[in-house]
Protein chains: 2
Amino acid sequence: MSPKITVELLRQLRQAMKNCKYFSEPIQAYIVPSGDAHQSEYIAPCDCRREFICGFNGSAGTAIVTEQHAAMWTDGRYFLQASQQMDNNWTLMKMGLKETPTQEDWLISVLPENSKVGVDPWIIAADQWTNMSKALTSAGHSLVTVQDNLIDVVWEERPSRPSTPLITLGHEYTGLSWQDKITALRAKMTERKITWFVATALDEIAWLFNLRGSDIEYNPVFFAYAIVGFNTIRLFVDLKRLADPAVRAHLQLDSPSKPELNIQTFPYESVYTELQAICAALGPKDKIWICDKASCALTQVIPKAHRSPIPYTPLCLAKAVKNATEIQGMKMAHIKDAVALCELFAWLEKEIPKGTVTEISAADKAEELRSQQKDFVGLSFPTISSVGPNGAIIHYRPLPETNRTLSMNEVYLIDSGAQYTDGTTDVTRTMHFGTPSAFEKECFTYVLKGHIAVSAAVFPNGTKGHLLDSFARAALWESGLDYLHGTGHGVGCFLNVHEGPCGISYKTFADEPLEAGMIVSDEPGYYEDGSFGIRLENVVLVVPAKTKHNYRNRGSLTFEPLTLVPIQVKMMNTELLTQKERDWVNEYHRRCREVVGAELEKQGRKEALAWLMRETQPIV
Amino acid sequence: MSPKITVELLRQLRQAMKNCKYFSEPIQAYIVPSGDAHQSEYIAPCDCRREFICGFNGSAGTAIVTEQHAAMWTDGRYFLQASQQMDNNWTLMKMGLKETPTQEDWLISVLPENSKVGVDPWIIAADQWTNMSKALTSAGHSLVTVQDNLIDVVWEERPSRPSTPLITLGHEYTGLSWQDKITALRAKMTERKITWFVATALDEIAWLFNLRGSDIEYNPVFFAYAIVGFNTIRLFVDLKRLADPAVRAHLQLDSPSKPELNIQTFPYESVYTELQAICAALGPKDKIWICDKASCALTQVIPKAHRSPIPYTPLCLAKAVKNATEIQGMKMAHIKDAVALCELFAWLEKEIPKGTVTEISAADKAEELRSQQKDFVGLSFPTISSVGPNGAIIHYRPLPETNRTLSMNEVYLIDSGAQYTDGTTDVTRTMHFGTPSAFEKECFTYVLKGHIAVSAAVFPNGTKGHLLDSFARAALWESGLDYLHGTGHGVGCFLNVHEGPCGISYKTFADEPLEAGMIVSDEPGYYEDGSFGIRLENVVLVVPAKTKHNYRNRGSLTFEPLTLVPIQVKMMNTELLTQKERDWVNEYHRRCREVVGAELEKQGRKEALAWLMRETQPIV
């Protein structure tokens, strides 16, 4: 991986920062956030502005350019990758380390007095705008909106915004019609005395209308906005996409069943003016719900007195709790995914000794095997296929220039997942195809202990996921080890592989309490820089737990693993495991045999079945 | 415990709420917060306004009276107690339960349109004011300041503000002169470009000047404010207290060593006008530090542009990390405290079978035994001495009408502590003097497992205490049990038994990371309403931990128990303990024998020594 050379680009950007064509007064700093106008985590090529300006292509990071400096903030998953992708015009700001200044503090420390800091209001979230603006104002500077995006100004061959065909999902996949989802949303609005709701997150809009697209790689979403009132539903989307008769029928565009379920369609770009028109006609008590992570541009259209910002929208909450149909779909998707992975590992075992398998070819093989499964749509994120030292780059993605050959001497970590029409998967396994060192086994075992501690945890109804994070770390901490990322994220159902509002992280973001039906990942890890990486990830379903007692009738919850792929026993130092942990591993492997074994049998995949049987022998 | 009859009081208060003597327009609701003008947790009798109006005398709670309703919010520690102390004019609002509305939501649901909600600006914290005001304004109401406190208006025989003699503490107790503390504070101010600091918390002022008082029962503090600039130190206190030559010499009032260490003294009440005068003379860039929990009245004196509110002051942070002298003092205090408790338990064992010991007489005996120890000053909080069902009232305090006799058939819980000139103690033990039931033992053992899980936890430097809270609950959760309070609080050194900014709680308040030298309590519990209460509390010191590895050189921390009082083995179901947990108990009891045994020997307290030796026999 060689860094992107940014001397000339930065020169051009700094010129634009002084060019009065774009603003009345020059700006002294320009912020380039990571997201698009929908605050998506994964973004379309046309929105990869931060990558364009600094070279770093991880999923999270903010670049700030001043007249003298250029700095980029990212979190522990990306420290190594970012340091390799950026040239020395850039300072890497390692978030989460004590010595790293916040963006605000850094700006205040480097800016001359009374500076103006610019940002594109469409790609900064309203809450971030507020915080940043407050901090800068209190130090005598100001945060200003720049309508023309200055990266676009210097980006000569910027791709155009995608507009892929829409897929309609029937009841057998969603369990709930879009009409019922609209009705439930309106009931929440009534309950909270809200007259309008503005949906800006792409996965929420896809979920609400039971539609999918492929505008953004890995995420089956499409560029759109929606505004829902009590008598109207307005959908903002490239209108060409609605020519498809299947889509028109699905949305009942030509023959709405009831007037209040009549969807009015508008061009994607007109959301701003339509929202302005709605706001101009508001009654004195009317309130509009908008996520506080929505774009500053759209949020500020709504007069403050009518704005009711919320950390998570009712759609986000409803989407997180999967219904019976969705749970069944997720289970099926994970069984198919496990079939593909068992085949992959059986194949790797045979091929690695020949010295012909690389990180890239292994990832390709995984994709090929997954694509043979029913209802396969695509990958759910770029496969992390990493050997030895590359495994320590937490969100590594193999590239030709970094591609390493799998060997009998190094740890192999593969974090991968797919989109199937019935569900989304995300699984990480760490394997050794020769003889792991005692230290590698020790670390693997601590990570496994953490994984089990979360997976087997029993906790009261109403518990927030962040309260479980330390369970994943206790064994590592005891030995002086740790990992610099959260333990789990929400997972969508044939939707984004990362979704809110629940998760398991030491960061006490305002996560919502875990509820039966929610689906999250459980993925502790350990990373030895320059040497190896270990991560064990299952997707798990929140389920009611039976307990001996039931304090104040609150009821208890625990997790049921949806991922059913063997965990390599060879990597375990089983002496470090308690009897309870050994029992957990054995029971987990028994389930893998039972469920995935049956499917392998059915699909006639004998080699993979033999591998599964061998890898799931009970430990004693 | 019979409830306070409040019909007449509420009538008078509601009359005052309509009396235009106090404001230009009548108010529709009046908020009565718990604290005094310093946001103290424990308060002087003259400040017990919330207790006066509703009868509930726990340490935390907010009362709100409207024309039709009266409601009082408190947390899980106090649900039972509050329900017993308040008459049915009051609605108990159980904080932390899902169905309980916030004060803001409740007000909005009961108030007529455009209501005015009044509060005394001196006893509401600035941050609470801001949040409450925002919520009310957004619903069309307004929060207004009422200069005359309306409770004082209806409180006929309100006590006067205390003004007790001041005690000076020398270097042998503090390890750091007040001059050095001022210098360190100014260094922090320079670092953050702050020109003034306003100290409003009584324990911070006592700590800063190495002075103690006894204005508030249990807390060795005195009513004062302090304002520190670079060339001036202003102390606001009842000036009569400064007549004492020892105090004058300690503060160098008559012969300051350097001009910048010259303390100017002012009457307590003049803080408002002095701060106004300071603010009138500020330069354009001058910034004033004030805690965001300081009173709204004082905070609003400072123009917004000059106000730099902070969640924890530099004094709060400095005070939390104890120096070597303070740690040594805390250790000595805990040894003396253990001597008294060993004596108490040996005495109880003899006396209980006679049927003559009550909750109150046991508490009195504990105080008597503590008072025999060197440098004893008083109790650090009201002793919780509770038998059987009373033990389930988390912050119970025995009163003649609730006083129960200790017996061989019920669990006894005693949570008590003292102020010694060298340190502050806080310890809870739960004992059975007959034969505990299997369920009592089971619950005790889960609580013990939680206590050990926190006490033995190893975690990286920089970890916040709230990340450890779930360790204390895991064993209870697994059986469907829990407790509705935090796990630990900071403990002062001959200061408040509860202090910030560190703690161990599921509430993710902005706690500061744990550091070596901090002192917190570790006190999980279990409460079976109407039957028994269990809590096990040690005060523990944060110390560096030796670990096998050291990830990124961050270093690790763990806890060292300062409390050295045996934990009753009879209450344990040792089969539920792991070998590691048994080892922890045995090692803890070995330390008790070694350290407290030696002191009991030295003090010639033979019966207690025999009791200690018997109670600390290793379990197998």
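Analysis parameters
Residues numbered from 1 in each chain as written. Chains lettered and ligands numbered in written order. Predicted model: local features only at pLDDT ≥ 70, side-chain atom pairs only at ≥ 80, totals over all residues. Heavy atoms only, no water. Helix = DSSP H or I, 4+ residues; strand = E, 2+ residues; numbered from the N terminus. Buried < 20%, exposed > 50% of the residue type's maximum accessible area, 1.4 Å probe, protein only. Contact = heavy atoms within 4.5 Å. Areas by Shrake-Rupley, 256 points an atom, 1.4 Å probe, with all protein chains shown as cover. Lys, Arg positive; Asp, Glu negative; His and termini not counted. Charge placed at Lys NZ, Arg CZ, Asp CG, Glu CD. Domains from an automatic or database assignment. Buried area = accessible area lost by both parts, 1.4 Å probe. Least-squares fit on C-alpha atoms with pLDDT ≥ 70 in both. Pairing = 2+ DSSP bridges. Right-handed = clockwise from strand over helix to strand, strands pointing away. Salt bridge = Lys/Arg side-chain N within 4 Å of Asp/Glu carboxyl O. Polar contact = N/O pair within 3.5 Å; in protein donor to acceptor, adjacent residues only side chain to side chain. Nonpolar A, V, L, I, M, F, W, Y, C, P; charged D, E, K, R; others polar. UniProt positions renumbered as here; feature names shortened; annotations may be inferred. Axes fitted to C-alpha atoms, helices over the stretch in contact; angles between N-to-C directions. Arc of directions from axis to C-beta.

*Asks:* Would you explain the overall build of chain A in this entry?
*Replies:* Check the secondary structure of chain A and you find 19 helices and 28 strands. By principal-axis analysis of the C-alpha atoms, chain A measures approximately 70 × 60 × 50 Å. Per-residue burial for chain A yields a buried fraction of 62% across its 620 residues. In chain A, once contacts between residues fewer than 6 apart in sequence are set aside, the share between residues at least 24 apart is 71%. When the accessible area of chain A is evaluated, it comes to approximately 23,500 Å², of which 52% is carbon and sulfur surface. Charged side chains of chain A number 62 positive and 73 negative; the gap between the two group centres comes to 5 Å.

*Asks:* Is there a simple way to explain the domain arrangement of chain A in this structure?
*Replies:* Where interface size is quoted, it is often the accessible area lost as the parts come together. Residue and element names in this part refer to chain A. Partitioning chain A into structural domains gives domain 1 (6-154), domain 2 (167-319) and domain 3 (321-444 + 532-616). The gap between the C-alpha centroids of domain 1 and domain 2 is 30 Å. Counting from both sides, the interface comprises 16 residues of domain 1 and, opposite them, 22 residues of domain 2. Of the roughly 1,400 Å² buried between domain 1 and domain 2 on both sides combined, carbon and sulfur atoms contribute 63%.

*Asks:* What's the story with the relation of the copies chain A and chain B in this structure? I'm lost.
*Replies:* Put simply, the second copy of the chain is the first one after a rotation about an axis and a shift along it. The operation relating chain A to chain B is a screw motion whose rotation component is 180°, with 0.1 Å of axial translation and a residual RMSD of 0.0 Å. Look at the turn and shift together and you get a two-fold axis relating the two. Interface residue correspondence from chain A to chain B reaches 100%, placing this contact among same-surface, isologous pairings.

*Asks:* I would appreciate a short explanation of the pairing of strand β6 (residues 142-145) of chain A in the present structure.
*Replies:* Consecutive residues of a regular strand have side chains that alternate between opposite faces of the sheet. Residues and elements named next belong to chain A. In this structure, strand β5 (residues 116-119) lies alongside β6, joined through four bridges in parallel fashion. Within β6, the position partnered with Val-119 by the bridge is Thr-145. In this view, the connection linking β5 to its parallel neighbour β6 by way of helix α5 (residues 126-138) has right-handed handedness.

*Asks:* Just checking my understanding: could you explain the environment of B:Leu235 for this structure?
*Replies:* Residue and element names in this part refer to chain B. Following the sequence through the fold, Leu-235 ends up in strand β11 (residues 233-237). Taking the relative accessible area as the measure of exposure, Leu-235 reaches 1% and is therefore buried. For the pair formed by Leu-235 and Ala-199, sequence separation is 36 residues and the distance between their alpha carbons is 9.5 Å. Every residue in contact with Leu-235, bar those within four places of it in the chain, is listed here: Ile-205, Phe-209, Ala-224, Tyr-225, Leu-251, Ile-263, Gln-264, Thr-265 and Phe-266.

*Asks:* Would you mind going over the interface of chain A and chain B with me for this structure?
*Replies:* Across the boundary between the two partners, chain A contributes 38 residues, which contact 38 residues of chain B. Taken over both partners, the interface formed by chain A and chain B buries close to 3,300 Å², and the fraction arising from carbon and sulfur atoms is 55%. On the chain A side of the interface with chain B, the three residues burying the most area are A:Trp477, A:His549 and A:Tyr551, jointly 21% of the side's total. Where chain A packs against chain B, one counts 10 salt bridges. In this structure, the salt-bridge partner of A:Asp529 is B:Arg552, at a minimum N-O distance of 3.1 Å. At the surface where chain A touches chain B, the tally comes to 18 residue pairs in polar contact (both at pLDDT 80 or more). Of all the secondary-structure elements, those providing two or more residues to the side of chain A that touches chain B are α16 (438-455), β21 (459-460), α17 (469-478) and β25 (525-528) of chain A. When residues in the side of chain A that touches chain B are grouped by element, the largest group, five residues, is from α17(A). Per-class residue counts for the side of chain A that touches chain B are 16 nonpolar, 11 polar and 11 charged.

*Asks:* Honestly, the UniProt feature "domain: Creatinase N-terminal" (unreviewed entry) in chain A in this entry has me stumped. Any pointers?
*Replies:* According to UniProt, the "domain: Creatinase N-terminal" (unreviewed entry) feature falls on residues 27-146 of chain A. Overall, residues 27-146 of chain A shows 28% helix and 22% strand. The separation of its end C-alpha atoms is 9 Å.

*Asks:* Just checking my understanding: could you explain the sheet that holds β5(A) for this structure?
*Replies:* All names here are of chain A. Strand order in this open sheet of six strands is β4-β3-β2-β1-β5-β6, and the pairing throughout is mixed. The outermost strands of the open sheet, each flanked by one partner alone, are β4 (91-94) and β6. Strand after strand, the sheet turns through a mean of 25° between neighbouring axes, direction not considered. In this sheet, strand β3 (residues 70-74) lies alongside strand β2 (residues 62-66) in antiparallel orientation, the contact comprising four bridges. Its bridge partner lying in β3, Ala-63 is registered against Met-72. Packing against the sheet, helix α4 (residues 103-110) makes contact with β1 (29-32), β2, β3, β4 and β5, and its axis sits at approximately 10° to β2. Contacting β1, β5 and β6, α5 crosses the sheet at an angle of about 140° to β6.

*Asks:* It is not clear to me how the sheet that holds strand β18 (residues 418-420) of chain B should be interpreted in this structure. Could you clarify?
*Replies:* Neighbouring strands of a sheet are bound in pairs by backbone hydrogen bonds; such pairs are parallel or else antiparallel. All names here are of chain B. The strand order β15-β18-β19 describes an open sheet built from three strands, whose pairing is antiparallel. Each edge of the sheet is formed by a strand with only one pairing partner; in this case those strands are β15 (376-379) and β19 (423-424). Note that β18 and β19 share two bridges and pair antiparallel. Of the residues in β19, the one forming a bridge with Tyr-420 is Gly-423. Sitting on the sheet, helix α15 (residues 359-371) is in contact with β15 and β18, with an inclination near 165° to β15.

*Asks:* Just checking my understanding: could you explain the pattern of salt bridges for this structure?
*Replies:* Two side chains of opposite charge can pair, provided their charged atoms sit close to one another. Per the stated rule, a full pass over the model turns up 80 salt bridges over all chains. A salt bridge links A:Arg614 to A:Glu615; its shortest N-O distance comes to 3.7 Å. For B:Asp337, the salt bridge is made with B:Arg370, and the minimal N-O distance between the two is 2.6 Å. Residue B:Asp337 is found in helix α14 (residues 324-351), and its partner B:Arg370 is found in helix α15; the two are separated by 33 residues along the sequence.

*Asks:* How should the environment of A:Gln617 be read in this particular structure?
*Replies:* Residues and elements named next belong to chain A. Mapped onto the elements, Gln-617 comes out in the segment after α19 (606-615). Overall, the relative accessible area of 46% leaves Gln-617 in the partly exposed class. Between the alpha carbons of Gln-617 and Ser-295 there is a distance of 52 Å; along the sequence they are 322 residues apart.

*Asks:* What exactly am I supposed to notice about unusual backbone geometry here?
*Replies:* Excluding glycine, a negative phi dihedral is what most residues carry, and trans is how most peptide bonds are arranged. Residues and elements named next belong to chain A. Following Gly-500, the chain continues to Pro-501 via a peptide bond in cis, the omega torsion being 0°. Of note in this structure, Gln-252 is not a glycine but carries a positive phi near 50°. Residue placement: Gln-252 occurs in the loop between α10 (245-250) and β12 (263-266).

*Asks:* I'm lost on α4(A) in this one. Help?
*Replies:* Note on helix geometry: an α-helix contains 3.6 residues per turn, so any two residues three or four positions apart are oriented the same way. Residue and element names in this part refer to chain A. Within the span of α4, buried status applies to Gln-103, Glu-104, Trp-106 and Leu-107. Down the axis of α4, the smallest arc covering the buried residues is 165°, so these residues share one side. Of the surrounding elements, those touching the buried residues of α4 are β1, β2, β3, β4, β5 and α5.

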